[in-house]
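Tertiary structure, described
Here is what each chain is made of, one letter per residue.
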Amino acid sequence: MDITSDTHSQHISQQFNQDLEALKSQLMAMGGLVEKQLQESISALLEGDSTLATRVRDNDTSVNDLQLKIDEECVRILARRQPAASDLRLVIAVIRATNDLERMGDEANKIARNAIDLIDAGRIPQGSVEIRHISEHVRRMLRDALTSFARFDTELALSVLQEDDSVDTEYTSAMRSLSTFMMEDPRSISGILNVMTVLRALERIGDHADNLAEHVVYLVKGRDIRHTSIDKLDAASLGHSGSSEKNSGNKPDQG
């Protein structure tokens, strides 16, 4: 379902409609900025581009400023409009989502800082293949989580939740391999620790993308699944099957 649909556009006040649309647009802008930071921090690391890494490191305040702006707008809407039902869930979901996006920005900043250390050292001692593979996986999760939020698409959100287990498995395998390599070559310890920090940051970004998907389910279905095992969730339990929801124009539950 498209974010510009009529789900939240049936209020008497046209200004309220505009407030809600602006809130969603600002969240997508923040998500796009975080996605760009992640992409550039990984590119800087793998391509040995210290200038790009420095730029990502120094631009961290942009994400923080957007979070403050969106939070202030949410507080204003809550105080002046007193939203209910799905409108209230939208504001709450946006507040939660901005917190996760801000944390992702921090992790991208951490990747950039470690990239600078590795570039200064001359090379990545080991782990570039793992970084590339896991980063592609995590970036896809983030992109899909943002798309699911924009479209109110719980089916896509569920796919993000399922992807997180794969990232965790890849991360664990990579860390085990790097630990073995570090023991075999003590000279590589410093660089390997930097690589491990990068991989840990990527795994955390995946966790936050997972959180974004959970917020989508809360927004659309009114179900808080933050402490629910993925094994207990499926398309049927979320109230749809196949791709019918995103094509049928169904609205978020109003209750």
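Residues numbered from 1 in each chain as written. Predicted model: local features only at pLDDT ≥ 70, side-chain atom pairs only at ≥ 80, totals over all residues. Heavy atoms only, no water.

**Side note on the packing of aromatic side chains**
Each aromatic ring pair is specified by the distance between its two centres and by the angle formed by the two planes. Spelled out, the test is: Note on aromatic contacts: the rings of Phe and Tyr and the six-membered ring of Trp form a pair at centre separations within 6.5 Å, being stacked when their planes are under 30 degrees apart, edge-to-face when over 60 apart, and tilted otherwise. For a lysine, the NZ atom is tested; for an arginine, the CZ atom; a charge sits over a ring if that atom is within 6 Å of the ring centre and within 35 degrees of the ring normal.
This model, assessed by the stated rule, comprises 0 aromatic pairs. The ring of Y218 carries R96 above its face, with NZ or CZ at 4.7 Å from the centroid.

**Things to note about the pattern of salt bridges**
Convention followed: Salt bridge, as used here, is a side-chain nitrogen of Lys or Arg placed within 4 Å of a carboxyl oxygen of Asp or Glu. Each helix is a run of H or I in the DSSP string that is no shorter than four residues. Each strand is a run of E no shorter than two, and both are numbered from the N terminus.
Tallied over the full model, the rule gives 11 salt bridges. Salt-bridge contacts for D19 lead to R81; the nearest nitrogen and oxygen are separated by 3.5 Å. Taken together, the residues span a long stretch of sequence, with D19 in helix α1 (residues 14–47) and R81 in helix α3 (residues 60–81) at a distance of 62 residues. When salt bridges that share partners are traced, they join D19, E73, R76 and R81 into one network.

**Things to note about the packing of α1 against helix α2 (residues 50–58)**
Note the following rule: In this analysis an axis means a line fitted to C-alpha atoms, helices contributing only their contacting stretch, and an angle means the value between N-to-C directions, from 0 to 180 degrees. Each crossing is labelled by how the near helix is turned from the far one, with a counterclockwise turn of less than a right angle marking it left-handed and a clockwise turn marking it right-handed. We call two residues in contact when some of their heavy atoms are within 4.5 Å. Under the convention adopted here, Pro, Cys and the residues Ala, Val, Leu, Ile, Met, Phe, Trp and Tyr are nonpolar, Asp, Glu, Lys and Arg are charged, and Gly plus all remaining residues are polar.
Running from N to C, α1 and α2 cross one another at 145°; their axes reach a closest spacing of 8 Å. The chirality of how α1 crosses α2 is left-handed. The residues of α2 that touch α1, namely those facing Q37, E40, S41, S43 and A44, are L52, A53, R55 and V56. Tallied by class, the residues present in the contact of α1 with α2 amount to 4 nonpolar, 3 polar and 2 charged.

**Some remarks on a nonpolar patch on the surface**
In plain terms, the rule: Any residue with relative accessible area above 30% and no salt bridge may belong to a patch, with like charges joined within 9 Å and the nonpolar Val, Leu, Ile, Met, Phe, Trp and Tyr side chains within 5 Å. Each accessible area is a Shrake-Rupley result for a 1.4 Å probe, and residues are judged covered by the shown protein chains and nothing else.
Among the surface-exposed residues, L78, L88 and I95 lie close enough to one another that they form a single nonpolar patch of about 190 Å² accessible area. In this structure, L78 sits in helix α3.

**Some details on helix α6 (residues 154–184)**
Heads up, the condition is: One less than the number of residues in a helix, times 1.5 Å, gives the span that helix is expected to have. Polar contacts here mean pairs of N or O atoms no more than 3.5 Å apart (in protein, one a potential hydrogen donor and the other a potential acceptor; neighbouring residues in sequence count only if both atoms are side-chain atoms).
Under the 1.5 Å per step criterion, the end-to-end length of α6 is 46 Å for 31 residues, consistent within 8% with the ideal 45 Å. Its side-chain oxygen 3.0 Å from the backbone nitrogen of E155, D153 forms the N-cap of α6.

**Quick notes on the nonpolar core**
Applicable threshold: For our purposes a nonpolar core is just a set of buried Ala, Val, Leu, Ile, Met, Phe, Trp, Tyr and Cys residues, chained together by side-chain atoms within 4.5 Å. Categorising residues by exposure relies on relative accessible area from a 1.4 Å probe, with only protein chains included: less than 20% of the type maximum marks a residue as buried, more than 50% marks it as exposed, and the intermediate range marks it as partly exposed.
L101, F149, L199 and L202 are the most contacted members of the largest nonpolar core, which totals 63 residues. Elements supplying a minimum of two residues to this core: α1, α2, α3, α4 (85–121), α5 (128–151), α6 and α7 (189–221). With 15 residues, the single largest contributor to this core is α7. Apart from the residues lying within four places of it in its own chain, the contact partners of F149 are L27, M28, L90, A93, V94, A97, H215, V216 and L219.

**Topic: the packing of α3 against α4**
Quick reminder of the rule: Note that the term roughly parallel is reserved for angles under 35 degrees, roughly antiparallel for angles over 145, roughly perpendicular for angles of 65 to 115, and oblique for everything else.
One can describe the packing of α3 onto α4 by two numbers: an axis separation of 10 Å at closest approach and a directional angle of 170°. The angle between the axes of α3 and α4 places the two elements in the roughly antiparallel class. On α4, the residues that touch D60, V63, N64, Q67, I70, D71, C74, I77 and L78 of α3 are L88, V91, V94, I95, T98, N99, L101, E102, G105, D106 and N109.

**Topic: the environment of T98**
Take T98: it is sitting in helix α4. Residue classification places T98 among the buried positions, given a relative accessible area of 0%. Each C-alpha atom, one on T98 and one on Q26, is 9.8 Å from the other, the two residues being 72 residues apart in sequence. In this view, T98 contacts L27, M30, Q67, I70 and D71; residues no more than four positions away in its chain are not counted.

**With respect to unusual backbone geometry**
Even without a glycine there, the phi angle at Q82 is positive, about 45°. Within the fold, Q82 resides in the loop between α3 and α4. In this structure, F152 is a non-glycine residue whose phi angle is positive, near 55°. Tracing the sequence through the fold places F152 in the loop between α5 and α6.

**Quick look at the confidence of the model for the protein chain**
Note the cut-off: Think of pLDDT as the predictor's per-residue confidence, scored from 0 to 100.
Chain-level statistics for the protein chain give a pLDDT mean of 86 and a share of 84% at 70 or above. Confidence drops under pLDDT 50 across residues 1–6; counting only partners more than four residues distant or on other chains, this segment forms 18 contacts.

**A short note on the environment of I205**
Relative to the helices and strands, I205 is located in helix α7. Sequence separation between I205 and L142 is 63 residues, and the spatial gap between their C-alpha atoms is 8.0 Å. Beyond its immediate chain neighbours, meaning those up to four positions away, I205 contacts L38, M104, E107, A108, I111 and V138.

**Looking at α7**
The end-to-end C-alpha separation of α7 is 48 Å, in line with the 48 Å expected for 33 residues at 1.5 Å each. Most of α7 sits inside the fold, with 26 of its 33 residues counted as buried. G222 sits one or two residues past α7 and shows a positive phi near 75°.

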